[in-house]
Each structure stands twice: as C-alpha cells, then as structure tokens.
Amino acid sequence: MQIARNSIERPLYTWLFMAFCLLGGAFGYLSVGKLEDPLFTLKSALVITAYPGASAAEVAAEVSEVIEAEVQQMDEVKIIRSRNSPGVSVVEVEMRDSFGGDALPQVWDDLRDRVSDAQSALPEGAQPSIVNDDFGDVFGIFYAVTAPGFTDAEIWEMSNYLRREVLSVQGVANAQVAGLPEEAIFVEPDSRTIANLGVDPTVILQAVTEADQVVPTGSTLSGGSDLRVDAPIGEDSVSEIAGLSIGFQGEVVNLLDIATVIRERVEHPRNIVRYNGTPAFTLGIAGLDSRNIVTVGQAVEAHLKEIETILPLGVELHPIYEQHRVVDEANIGFLISLAMSVSVVIGVLALFMGWRAAVVVGLSLLLTVMATFFFMYLFDVKVERISLGALIIAMGMLVDNAIVVAEGMQVEMRRGRKASQAASEVAGKTQIPLLGATVIGVMAFAGIGLSPDASGEFLFSLFAVIAISLMLSWLLAITVTPLLAHYFFRVGGLKDGEDPYDGALFRVYGKMVRAALRMRWLVIAGLIGTTVACVMAFGQVTQQFFPPANTPLFYFNYKGAQGSSIHQTSRDLAKIEEWLLTRDDILSVTGSAGQGVSRFVLTYDPPAVDTSYGQLVVRTTGFDAIPDVRAALDQFAAENLPWAETRSEQIIYGPPVGADVEVRFSGPDPDVLRRIGAQAQKIFETATADLHTERTDWREREVITRPIFAEDRAQAVGVTRASLGQAVALATDGIRAGNYRERERLIPIIVRTPRDEVALPGQLLDQIVWSPALQDYLPLDQMIDGFEVVVRDTLIERRGRVPTLSVQANVIDGVTPPTAFVEVRAQIEAIEIPPGYSMEWGGEFESAGDAQASLGRQMPLSFGTMLLITVLLFGSLRQTAVIWTIVPMAVNGVALGLLFTGVAFSFTALLGLLSLSGMLIKNAIVLVEEIDAQKEAGLVQKEAIVTASISRVRPVVLAAGTTILGMVPLLADSFFVAMAVTIMAGLGFASILTLVGVPVLYHTYFRKERRAETAMEPVAA
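All of these numbers come straight from a predicted model, not from anything done at the bench.

A. Representation of helix H28 (residues 877-885). Those residues of H28 that sit buried are Gln879, Thr880, Val882, Ile883 and Trp884. The N-terminus of H28 is capped by serine 876, whose side-chain oxygen sits 3.3 Å from the backbone nitrogen of arginine 878.

Below you can see the structure in the form of structure tokens.
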C-alpha cells in the first residue's frame, strides 16, 4: 500500500481530509452533548408496599418475603435487598451487569408483571405495590426557593408554577420539588358529643371519604345543544368539608355540629428543608441525556430571569448546584489544559527535532484531536470529565506514529531522497507495525471498555475516546504527516558519507548499548532484581478505589436515635447550620431533615426516608477550604450533639459505595445477628484508630408500648381488636379518610381525636371505643389490662431473602479505606459464626473487588488480542517473547512514582498500569521491527541491534517525553492524578526498558545468531 506516497502525489484528497478534520471537529465539539460526569445506568428498581399497622418483622415476613419470592424467579436478577420498617416494605431489585440501559425497560416491564402477580398473595390491609425504576434521574440544576411570609397554600402554588415553567424549557427532561410544607385537613369529632349522640365513627369516616369524590353529573339539553352540569363545590376546603351532612339512626347531622374542621400543617412531616437557616423548598431540574447541559442550563437561567417579575416580592431562587456552570468551567479548563499539552509537545519536538518537525507533528496532533470530536459526536460519546481527561491522557500517545514517520522522512530527505520516495520508504516499512502497535495500545484500554459493571460503564468513554483518537493518529500519520513533511522538510543537507546519527547523544547511547550487550546477564539480573524489589515495595503503596472530587461541596450527615422526631432532627441540624454560617469560608448551607436532598450529582446516593436522619449540603469558598471546615465541624458536632451520630463526607468520583468499611452477617435470628454485629462493631472501635462512626444498619431497637387486650371483657360488650385499634389510631395520628383535591394537589383529610383530649400523658386511657354490638361508646380502660412496654426491631434489612445485619464505619481524613480494612480484617474473620449464619465483606472492598473482577474477566480477551497481534506482526515467537518479557517490568516505575509522590493506587491508576503495558509494547514493537530490518539489510546481529537502537532512540525518547510532559496538567485533577503519576513514572522507566532491556533480551533470546556471530569473530579477525 502506497498510502503515504499517494498523499503527496495527490495532495487534493489529503487537503480535503485535513479540511474535514478541522471543520468536522469544530462542528463535533459544538454539537456533542456535554455533561459533568459520564452516564452510567442504575440497574436497580424499588418495589414499595405500604402495610399500615404492621411491625417491621410482620412487614418482612408477610410482604417483602412474598414479593422477593416472586421476583427472584427472574433470570435477570443479580441481588434482592429489602428494607423493612413499621408499615412500609421497600424491596430493591438489582439486575445483572450484563443488561445495559437499552434492555432495562423491558426488564422493568417484566418486573412489574411479577410484582402484579404477587399482589394476590399479600395480606389483607397491604396496599398495592409501587414499582419505581426512574429514581436515578440527576437534577443537576438545583435550587433552593425561599418565600418568607407566604402561606403554605401560596408556597404550593408557587412551586407548581415554577415546575411548570422550567418543564416548558427545551431540553429539560424532568423537574422535582421537595421540602414543601405538608398540610392536612383535620376533622376532630368532639368525644362527648358523639358519645351522647351515639355516632358510629365509621359513619364519619365514610362521609369524609366521599366528600371530594369526582361524581359524574352528565349534561342536559338546552336550546338545541348539550349543557354540561358540574358538581357543586364549596367556598374553600374547610367549608366544603365542614358543610357535610351525616345520616345515622334516621337523622341528619351537620359535621360542623359534632366536629371541628381545621386546615394546618401535619405534626410529623416527611421532610423539612432550610437554606441558610431560612425555611425553603428545593427545585431540581434534569436535562435530557441527549442535550448539551450547558445550553439547557443557560436556557433555564434565562427563562427564570424572565419570570422573576411575575414572582411575588420576597420569593428568591438560590442555586445549590449548577451543573451547567461546572461543565462550562470544566470545558474551559480542558481547552487550557489541551493548549498546554499541545504547546509542551511542540516545544519538546522543536527542541530535539527542530521547528520544522515540530510544526509537522504538531499540526498532525491538532487535526487528530479535532477529528476525534467529530467521531465523538457521531458515536454519541459525550464531552464530560472522563472523555476530556482521556484526550489529555492520549495526547502523548497521539504523536507516537507521527514522530516515527516524520523522523524517518526527515532523515531520508536529508540524505537526498525526494519526499515521495522518503514517504514510500518510511511508511511502507512502518505502517503495518505502527498499525499493530496502535491496535495494541487501544486493546490495553479495552478491558475497561468491555466491562459491563458500573465502574466500566462510568469509564467507558475513556476507552472510546482513546480508541478513536489513536486510530485517527495512525491514519493521519500515513496521510497528513507525509504531505506536511513534503512542504516543510528540506531535501539534502548531509555530506557524502555523513551519518545523521553521529551526534554526541547517539554516540553515547550506542556505547551504552554495546556495553549492555557485553554484560547482558548482569543487565538481566539487575532488571529482575529491580522488578522483585519494586513489586515488594508496591505493598507499601496506599490503596484506594475512587478518589474524592474537587467540587467545593461536602455533606454533613446526622443520625439521631432510631425513632427520633423529625423536629428534634431539624433542631439539631439548625445548631450546626447556625455555627457554619458564622464562618467566612462558608458560602451556603442547605439542610434537609427526614431524608436526603434530590440526586443532584450522579455519584450521590440519596439516603432512605427516616425521621431521625438529616443532612447538610455545605458549599465552601473553595475545595482547599474543605479539610479545615470538616475538621472544625466534626469537632463542634461531637461537643454539641454528643447524643447523635454525625459525620462529614466529601463527594467522590465514580459509582457510590456507601460505607468505607462494611461487614455483613446473615442468618435467621435477629438476636444472634445483633450479638455478632456487636462483636464486629467493638472490633471496629478498638482495633484501629483509623475508623470512626461505627454503626449497624439495623440501628437501635425501639421502645414500643401496646395495649393488653382484655379479650373476655371486650367480647362480652362486642368490642373487637379492630375497633380497639381504630380508637387508638384516632387518639394518636388519626385515620386518613380521603383526599381533598385542590387543582393538582391532593390534601389529606384526617379524622382524629381533638388534640386537647390527648395532650397529657395518661389521657389515652380516657378515650372511648365504639361497640358495634351495643351501638354505644365505652371507656378504653374497660377493654384493656393496661399497657405493656416492649423492645422491638423497627428496621430489618434483608439480602437475598435472608435477614442481614451490616456493621459499617468510615475512615478518618488522610486514611484510605484499604488501609483501615487491613487492620480489622483478621479479627473480624476470626469471629465465631454459628451454623446457619454467614459473613461477607461489603463497602469499598466489595465494590473495588467487583470492579476489578469485572475488569479481570475482560483481560484475557484484551491481552490475548495484544499477544496475537504481536505474533502476527513478526510471524515468530522469539520476537514476541522479547517484547512480552519486559511487560511485567512496567510495574517498577509505577511503584517508585506512587511511593515518591504519596498518591494512592486507585482504580484509575490500575487502568493507567494496563495502558502503560500497551505503550511499552508499542515502543518495543517499533524497535524490534527495526532490528529485524537491519538484519535483513545484511548487518550481523550485534551491529543490527546497535544500529536499530540508535535510529529509534529519538522516537522512543520523544514519544515518552511528550506523553510524560503532556500529562502535567492532569496532576492538578484529583480524579486523574493517580493515573497520570502511574503513566508518567511508569513510562519513564519503560523507556529504559525499551532502549536497554529490549536490545539485551533480543541478543539473549536469539542465541543461535549470536553464537554464529561469535564463531565468525576470530575468522574476521
């Protein structure tokens, strides 16, 4: 194939290709979707079932078990977990990694069918199950809305208006409002009045239930047309409910005569939100995945600015998180980093190859990057954190092919050959080896690209961008680079007999190679010894899964005693908020009691609803301020809220993990699980000082009181357990009898005993119970023998249909989870586990293990392909053995680099190590191919090795140097720093392996040619 020669002789096609790269790249960059983090599919769905009045144990046995037994018959299911609390079952169904986002909609339909089939087996009183498979929406444009002085109804009206308006913006997929004040209409029948009249409470409940039903009223004929007749409505919600008439015993009584009707906030709301100490609600906006979030965010901002004049005075929108701004800043930062990388590459090339070669290779690099954006647009690879970093990582590798072609043509043209002849000679000799080496470089990243788990999906764009850009770099190296060399390189310049490799650097290196060949066993021993030492030193490198993000946000998590009131949680959070807002390094504090905030970043996992849980989202003046703020905050919380469990945590890159260190115990008896869990928690607390906030996910048992039913006395007067339960419910939270429709809002209607009748302890005994048999009310204390106090599990977690208790802990600042895990592992695994019970590790250890195992399953295919290409390139196993012998030695520079910098070996560093092997093999292939070519030209083996090594020293050094220096901008990125250090340090050592190790191993493995050469030396002498 004379591709390179034709690109010079027919330049029009090459110029058209260059124009396509430039213009198509500009179009691709402007058109491709832009996100903050790469998308990964949350392959879980929630099945939520209400079972009012049931204990956590009853919910687990009667509801969760039924649903889990039905769902586990699906082949797609990976694991089933459930969270069981009084009155509510939440079953989480996680699907296998092999099912991607395209297949999941059908899977969710099958799940709904299964859940529907299980409904008939649920106990009486259980409400229909709800399947939620879209809780993974990311509301990256996130606001807090404050409206001081407005009524609850007005706040609801404003929230609905804002939600409708933002949903009308092009590119917005969904909008979520949370933290709104919760109102209800309370109907409070006077106990004395209904007792005197003998009004059955079910009559009141039935009347209220039908109060706001939609009733078809039909139409009538009027003047030749149909006139529709609507049902009557009241003046307002209270008057409409209060105006109800109740019929009993042949009489009609107005509800207002026997009950008080009020509309007010509920006593126990599900969520309380504040922004900088002011009551607020949140507005989360999610953009379409296919749209540029920067454009969507700007459109949302513009539309909100337009409607500012319509909003009442005093209503303010405060940004909590603006993903479009983060992405826009990241893009600007990327362009700066890209410009720095290109400048570094061109500067290095200009220094060692001259300005002409620098221009040729630099323009090839620029066109490669631009064309990559076009193909990213074509294949729908978004511009986000990972894909942008991948381009910078690939920056140095992209010039490898162009350097080899440009350097070869420069030498040949200096010898007097025309550009077309030089291109034909150089490209004809190297294009196939370069293609094979490029494919090998791509396959080094294929493991993560083919991994189906969350980590692989999160990092897929790394593989995609590197594959696109590297293949384009090869194509441009054999088309564009020769044409540019034709225009910029001069023909001639060398005198007859002058050697282009006669410089001081080349002479020194040639002598070093000759010395290494003479002392090859000493060199090999040194390489092996260094490798063994570095592998041992690698054990001292800090381990990590994914690093923390550099976003100037962090979370503060609060957990009171199980069962604590949401108002107590809110008051405790208010103390923290007030203290934080006195600091100069705090910009804003968003507090949420009862549950977490909406998912505003993909890696955030909203905690479950719990009245004793609260969370603060704290924005600091900068990322560097977070450590000091967290340290002071943890200390303040420990001193001022000693009764609560508090901890701060940073946002991390990558899929959410949960606890840093976690161990799970499974078995049938909750008492045994709690006993084992207590032992594990004690070990977490005492075995190391690196852990804090040790806890179990079942939390504390709660004290519960219940009436002792006097069955004989109750049966004698016709009172059932249901009647007694109804009386207790009316005296406590009340009974939800229906809903009042106010536009799109449903306001609960709750019937309850007047609060002044149950305001004091002991007044519960004074309540009355309706006897259907006697048609009269009787005192509650006649139906019971007092109250008993019991301690009960109010939170039961199940995993794989088995009760599972998890003991969890987090690491202190400056310590990575693997470090603390090693310190407690032996003692935890030494715990005696009774028969029928099991133990397994969770937390980061499990997540990292799953990700590495998924990656490992792809490695045979990746490395097998790399090995096969190497064999096919040379058609011999000896050259392949030379190249692959040095691959394990790549760990040497990595271990030294990580130990010297103190950077942890994270999952991204593992990818860097794998990619490093591809770079090492690529360089080695080019060198071995040149040695074979010199031998074919007639040189004896030793001279062929020396000559080939000298001719390849500049491309290898320049390729390594440009890659290393091109990654300097990534050292400031907390996500890519580990990968950058791994590649930079590893490639530095790998260059030595290529330039010294490969020649020595080649001379050693080809012993037949070496011995023949040795035998000929006396004859030649």
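B. Main features of the nonpolar core. The biggest cluster of nonpolar side chains holds 171 residues, and the ones touching the most others in it are Ile393, Met409, Leu459, Leu462, Ile466, Phe600 and Phe907. Among the elements that make up this core, the one with the highest residue count is helix H13 (residues 385-414) (18 residues). Not counting residues up to four positions away in its chain, the partners in contact with phenylalanine 907 are Ile448, Ser455, Leu459, Gln544, Phe545, Phe546, Ala851, Gln852 and Leu855.

C. Up close: the side chain of serine 424. Within the secondary structure, serine 424 sits in helix H14 (residues 419-443). The buried category is assigned to serine 424, whose relative accessible area is 17%. Serine 424 has contacts with Gln2 and Arg5, leaving out every residue within four places of it along the chain.

D. Structural context of helix H31 (residues 941-966). Between its terminal C-alpha atoms H31 stretches 36 Å, which fits the 38 Å expected from 26 residues at 1.5 Å a residue. Of all the bends in H31, the greatest reaches close to 40° and is centred on arginine 952; the proline proline 955 follows between one and four positions later. The element H31 is largely enclosed, with a buried count of 20 among its 26 residues.

E. Looking closely at the packing of helix H27 (residues 843-874) against helix H30 (residues 907-936). Where H27 meets H30, the closest approach of the two axes is 12 Å, and the angle between their N-to-C directions is 5°. Judged by the inter-axis angle, H27 sits roughly parallel to H30. Counting all contacts with H27, which are made through Ala851, Gln852, Leu855, Met859, Phe863, Met866, Thr870, Leu873 and Phe874, the residues of H30 involved are Phe907, Leu910, Leu911, Leu914, Ser917, Gly918, Ile921, Ile925, Val928, Glu929 and Asp932. Class assignment for the residues of the contact of H27 with H30 results in 14 nonpolar, four polar and two charged.

F. Region of interest: the sheet that holds strand E23 (residues 735-742). Taking strand neighbours across the sheet as the criterion, the four strands line up as E12-E7-E24-E23 in an open arrangement whose pairing is mixed. Strands with a single pairing partner mark the edges of an open sheet, and in this sheet they are strand E12 (259-265) and E23. Neighbour-to-neighbour, the strand axes of this sheet turn through a mean angle of 25°, independent of strand direction. Inspection of the sheet shows E23 paired to strand E24 (residues 745-751) by seven bridges, in the antiparallel sense. Looking across to E24, one finds that glycine 738 is bridged to isoleucine 749. In the packing of helix H5 (residues 152-167) onto the sheet, contacts are made with strand E7 (183-189), E12 and E24, and the angle to E24 comes to roughly 150°.

Criteria and cut-off values
Chains are numbered independently. Their residues run from 1 in the order of the written sequence. Totals for whole chains, interfaces and linings use all residues, but because this is a predicted model, local features are given only for residues with pLDDT of at least 70 and pairs of side-chain atoms are given and counted only at 80 or more. Each side-chain value is worked out from all heavy atoms of the structure, with water and hydrogens disregarded. Type-normalised accessible area, obtained with a 1.4 Å probe on protein chains alone, sets the label of each residue: buried when under 20%, exposed when over 50%, and partly exposed for intermediate values. Strands here mean DSSP runs of E at least two residues long; helices mean DSSP runs of H or I at least four residues long; both are numbered from the N terminus. Under the rule applied, a polar contact is a pair of N or O atoms within 3.5 Å (in protein, one hydrogen donor and one hydrogen acceptor; residues adjacent in sequence only if both atoms are side-chain atoms). Here the nonpolar core consists of buried residues drawn from Ala, Val, Leu, Ile, Met, Phe, Trp, Tyr and Cys, with membership extended through side-chain atoms lying within 4.5 Å. Here, two residues are considered to be in contact whenever any of their heavy atoms come within 4.5 Å of each other. Each residue after the first adds 1.5 Å to the expected span of a helix. Axes are fitted to the seven residues ending at a residue and to the seven starting at it; the angle between these axes is taken as the bend at that residue. Angles shown run from 0 to 180 degrees and are taken between the N-to-C directions of axes, each axis being a line fitted to C-alpha atoms and, for helices, limited to the stretch in contact. The scheme is simple: roughly parallel for angles under 35 degrees, roughly antiparallel for over 145, roughly perpendicular for 65 to 115, oblique for anything else. Residues are grouped as follows: nonpolar covers Ala, Val, Leu, Ile, Met, Phe, Trp, Tyr, Cys and Pro; charged covers Asp, Glu, Lys and Arg; every other residue, Gly included, is treated as polar. Whether two strands pair depends on DSSP finding at least two bridges between them.

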